[in-house]
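# Commentary on secondary and tertiary structure
Each chain is listed here by its residues.
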Amino acid sequence: MDKLFTPITINGMTLKNRIVMPPLHHLYTPDGVMTERFAQYYYKRAEGGAGLIIIGGCRIDEFGGAAMMLDVTKPSFVEDCKVFTDGMHKRGAKVGLQMYEAGRYASTKDNEKTIAPSAVFSKFTRETPNEITKEEIDIVIKRFAEAAAKVKAAGFDVVEIIGSAGYLISQFLSPVTNKRTDEFGGSWENRTRFPVLVIKAVREAVGPDYPVMIRVAGNDFIPGSNTNEDAVKFAKIAQDAGVDLIDVTGGWHETVVPQLPGDLPHGGFAYLAGAIKKAVTIPVMASNRFNDITSAKKVLALGMADLIGFGRPLIADPELPNKVQAGREDIVRNCIGCNQGCLARTFFRRPIECTVNAYAGYETQLIKKPADKKKKVLVIGAGPAGLTAAIELADRGHSVTVWEKSDKAGGQIALAATPPGKSDFNLFAKYLKNMCAEKGVEIVYCKEADKASVLAFGADDVVIATGSNPVMIDFPGNKKDVEIVSAVDVLTNKAFPGANTVIIGGGSVGCEVAQLLAEESTISPELLYFLSIHQAETPEKISSLLNTPNRKISIVEMQKKIGAGFDLGTGWPVLKQLARLGVKSYTLTKVKEISDGAVIVADEEGKETKIPADTVIVSVGYRSENKLYEELKDSTNVHVIGDAEKPAKILNAVAAATKCALEI
Ligand code: SF4
């Protein structure tokens, strides 16, 4: 049974559907107080049809907050938030707030003092927190209770306690971070004491008839820490202590098991929620990587959870619930799991954006209005920039035609989607194509544009989105017995590298190509499954097949490190796989020549190494393809966007295209 759009009541709060936007750091409140940017962003998501939207995390004390988060302790909090919650209710959504307490994940940059069960160094902040005293434990519990009362007074429908991802409550629960010898450490009962006291204090502060939820790690995914079995035990304790709903996520921030990237299959951590659901009688929510609706519907149908957390999917498309309910899944703008606009920016304390949705976070600035004068617009190039511009232009009432020189739409999205774990990028190409059809954009394929044909078309405005081409270098040497190709050749299956491959350029593309080539020379996921279910090989043999590529890959990079160009927090899963697969990197190293089946490189001291190579892949960047723009710029209203203006990420292309389309 499809339960996604059936209502559910949780301690008196009735949600119209099972779609929940969980708390995410947006950094739209630089001073800790409500802003128009924050409110309008969330109003849009409420209008889009989500049943429940939980804002936060929000600061509740002087110990455990993070930069630019809404602060419950500010004097204006209740008054400001009453207006906000009213606005959310008018738009049809219930709204909750997460009380944040980071413990050893809090930084001294943002707090008077950092606290944790024990003074255990945090890899996340690179700091060692202070061991919390018993007096401070009482203070923090009191702060949770005070904050919960204010949350209720401000008109929120539910309050969430943060007990996930390695934050303070997780730290008390874990033997890895809780080394105390008093009544708050040691035995399981002692380690659960602090969370239970917090839940009870919150319950007392809000009364019996107000919904309280807790977010937990379904498995810490930290060696020696709590497992899914422990999470089940804790869920039962949390239920007995007074929570009404358990939101189950994956592991801690410190874990080396990816939690959010495309490596994690859609709904991959639902099994963690499923185990908890079997053990408790209160509703359970499953979170992490529900980028597609089908996996969410299946989890609900199987009874593994009662609610589904759609975080990034609602950044990418606030209208997702309305579209799905109307049977228009084909025009949902799916999150592609890139983390470039959202997660990566929070590390730099920058407000979040979205690769596929230029409006996210700019609801007060990017205002789409019908065009004053309906124009005939020609867009050259059906990549992410060209198609985004075309859709936005058509949406404003212009008549839009796109000329594409190949027989496919999507441009370089297909390249970005080829490395392991990146296939969700294809969803964006599909969306762009479907939306062009929806908005009446005509795409003419296999159509080369030149100055004469463009001028003959007679457009009022021309948008040049002709993309970029890979930079190739003519290296010295006789190049005998070596095939030299570009990363694009490999990603488009025009080149088939051999058993000894050298990649020149260790940026993000070079690293992703290395991972692709190393992984494809082991066993496929299908073969792994086949061998496993039939127990055809021993676990040791399977492990060996999985971890031993049949291709030797070396990366030559002039910089100190490979992986420059990955946004912070997005490259480590790739680098982890390169290490597992034995990819060798030569850093601070230059290519001297390519001769006689080898690449000869030299390090900073001039020491030479000969790397055997049958294939050399050049991955040193892209150059704009903007010849047409140069030819046309003086003769018509012409605009250049995306890689044709400056090679960059899809995020930049989409943002530039949207801005350009709103100005024509
Ligand atoms: Fe999803 Fe990427 Fe947008 Fe983040 S930036 S919401 S990961 S598409």
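Preceding this paragraph is the structure being described.
First, a word on scope: everything that follows refers to the structure included in this document. (Residues numbered from 1 in each chain as written. Predicted model: local features only at pLDDT ≥ 70, side-chain atom pairs only at ≥ 80, totals over all residues. Heavy atoms only, no water.)

### Examining the overall build of the protein chain
Inclusion rule: The helix and strand labels rest on DSSP assignments: H or I over at least four residues marks a helix, E over at least two residues marks a strand, and numbering proceeds from the N terminus. The atom set for the radius of gyration is the C-alpha atoms, and the globule formula is 2.2 Å times the number of residues raised to the power 0.38. Contact definition: two residues touch when any of their heavy atoms are within 4.5 Å. Each accessible area value is a Shrake-Rupley result obtained with a 1.4 Å probe; residue values ignore everything except the protein chains displayed when judging cover. This count recognises Lys and Arg as positive and Asp and Glu as negative, with His and chain-terminal groups excluded. Charge positions are represented by NZ for Lys, CZ for Arg, CG for Asp and CD for Glu.
Within the protein chain one finds 23 helices and 27 strands. Relative to the compact-globule value of 26 Å for 664 residues, the protein chain shows a C-alpha radius of gyration of 27 Å, a close match. For the protein chain, restricting intrachain contacts to residue pairs at least 6 apart in sequence, the fraction spanning at least 24 positions comes to 73%. Carbon and sulfur atoms make up 52% of the accessible area of the protein chain, which totals about 27200 Å². Taken together, the 79 basic and 80 acidic charged side chains of the protein chain have centroids lying 1 Å from each other.

### Regarding the sheet that holds strand β16 (residues 461-464)
Just so we agree on the cut-off: Pairs of strands are assigned from DSSP output, requiring at least two bridges between the strands. For every element, the axis is a line fit to its C-alpha atoms; helices are fit only across the contacting stretch, and the angle between N-to-C directions ranges from 0 to 180 degrees.
With parallel pairing, the 5 strands of this open sheet are ordered in space as β15-β14-β13-β16-β27. The open sheet is flanked by β15 (442-444) and β27 (637-640), the only strands paired with a single partner. On average, each strand axis in the sheet is tilted by 20° relative to the strand beside it, whichever way the strands run.

### Re a nonpolar patch on the surface
Heads up, the rule is: Excluding any residue in a salt bridge, patches collect residues exceeding 30% relative accessible area, merging like charges within 9 Å and nonpolar Val, Leu, Ile, Met, Phe, Trp and Tyr side chains within 5 Å. Every case where a carboxyl oxygen of Asp or Glu lies within 4 Å of a side-chain nitrogen of Lys or Arg is listed as a salt bridge. Note on classification: 1.4 Å probe, protein chains only; a residue is buried when its accessible area is under 20% of the maximum for its type, exposed when over 50%, partly exposed between these limits.
Nonpolar side chains collect at one region of the surface, where F124, F347, F348 and L568 lie side by side and expose about 380 Å² of accessible area between them. When you line up the elements, F124 lands in the loop between β6 (115-116) and β7 (130-131). In this structure F124 comes out as partly exposed when scored by relative accessible area, which is 37%.

### Regarding the site of the ligand
We apply this condition: The nearness test applies per residue and asks whether one of its heavy atoms lies within 4 Å of the molecule or strand. Only Asp, Glu, Lys and Arg are considered charged, only Ala, Val, Leu, Ile, Met, Phe, Trp, Tyr, Cys and Pro nonpolar, and every remaining residue, Gly among them, polar.
With respect to spatial proximity, the complete set of residues near the ligand consists of R312, I315, C335, I336, G337, C338, N339, G341, C342, C354 and T355. When grouped by side-chain class, the residues that make up the shell around the ligand number 6 nonpolar, 4 polar and 1 charged.

### Focus on the packing of aromatic side chains
We apply this condition: In summary, the pairing rule links any two rings of Phe, Tyr or Trp, Trp by its six-membered ring, whose centres are within 6.5 Å, and it sorts them by plane angle into stacked for under 30 degrees, edge-to-face for over 60 and tilted for everything else. Here, a charge over a ring is recorded when the distance from Lys NZ or Arg CZ to the ring centre is within 6 Å and its angle to the ring normal is within 35 degrees.
Counted according to the given criterion, the structure contains 17 aromatic pairs. A centroid spacing of 6.2 Å and a plane angle of 75° characterise the contact between Y42 and F84, whose relative ring orientation is edge-to-face. Placement of the pair is Y42 in helix α1 (residues 36-47) and F84 in helix α2 (residues 77-90), with a sequence separation of 42 residues. Each member of the pair Y42 and F84 is classed as buried. Grouping aromatic residues by their ring pairs yields a cluster made of Y28, F38, Y41, Y42, Y43, F77, F84 and F156. The side chain of K233 reaches across the aromatic face of W188, ending 4.5 Å from its centre.

### As for the packing of helix α7 (residues 228-241) against helix α8 (residues 270-279)
Rule in force here: Any angle from 65 to 115 degrees is called roughly perpendicular, while one under 35 is roughly parallel, one over 145 is roughly antiparallel, and all others are oblique. Less than a right angle of anticlockwise turn of the near helix away from the far helix marks a crossing as left-handed, whereas a clockwise turn marks it as right-handed.
Running from N to C, α7 and α8 cross one another at 40°; their axes reach a closest spacing of 9 Å. Taken together, the axes of α7 and α8 lie oblique to each other. Helix-helix and strand crossings are classified by hand; for α7 and α8 the assignment is right-handed. On α8, the residues touching N228, A231, V232, A235 and K236 of α7 are Y271, L272, A275, I276 and A279. A class-by-class count of the residues in the contact of α7 with α8 yields 8 nonpolar, 1 polar and 1 charged.

### With respect to the pairing of strand β14 (residues 399-403)
For β14, the buried fraction is high: 4 of the 5 residues fall into the buried class. Inspection of the sheet shows β14 paired to β15 by 3 bridges, in the parallel sense. Pairing of T401 across the sheet is with E442, part of β15.

### With respect to the nonpolar core
For the record, the criterion: Side-chain atoms within 4.5 Å link the members of a nonpolar core, which is a set of buried Ala, Val, Leu, Ile, Met, Phe, Trp, Tyr and Cys residues. Where each domain begins and ends follows an automated or database-derived domain assignment.
The biggest cluster of nonpolar side chains holds 138 residues, and the ones touching the most others in it are F84 and F156. If one sorts the elements of this core by residue count, helix α3 (residues 134-153) sits on top with 8 residues. Both of domain 1 (8-346) and domain 2 (376-469 + 623-663) provide at least three residues apiece to this core. Ranked by size, the runner-up nonpolar core spans 23 residues in total, among them V490, L516, L517 and L581.

### Some words on helix α18 (residues 508-520)
This is how it is decided: Helices are assigned an expected span. That span is 1.5 Å times one less than the residue count.
Between its first and last C-alpha, α18 extends 18 Å over 13 residues, near the 18 Å set by a 1.5 Å rise per residue. Inspection of α18 places G510, C511, E512, V513, A514, Q515, L516, L517 and A518 among the buried residues, and these make up the whole buried set.

Remember that the coordinates give geometry; whether it matters functionally is a separate question.
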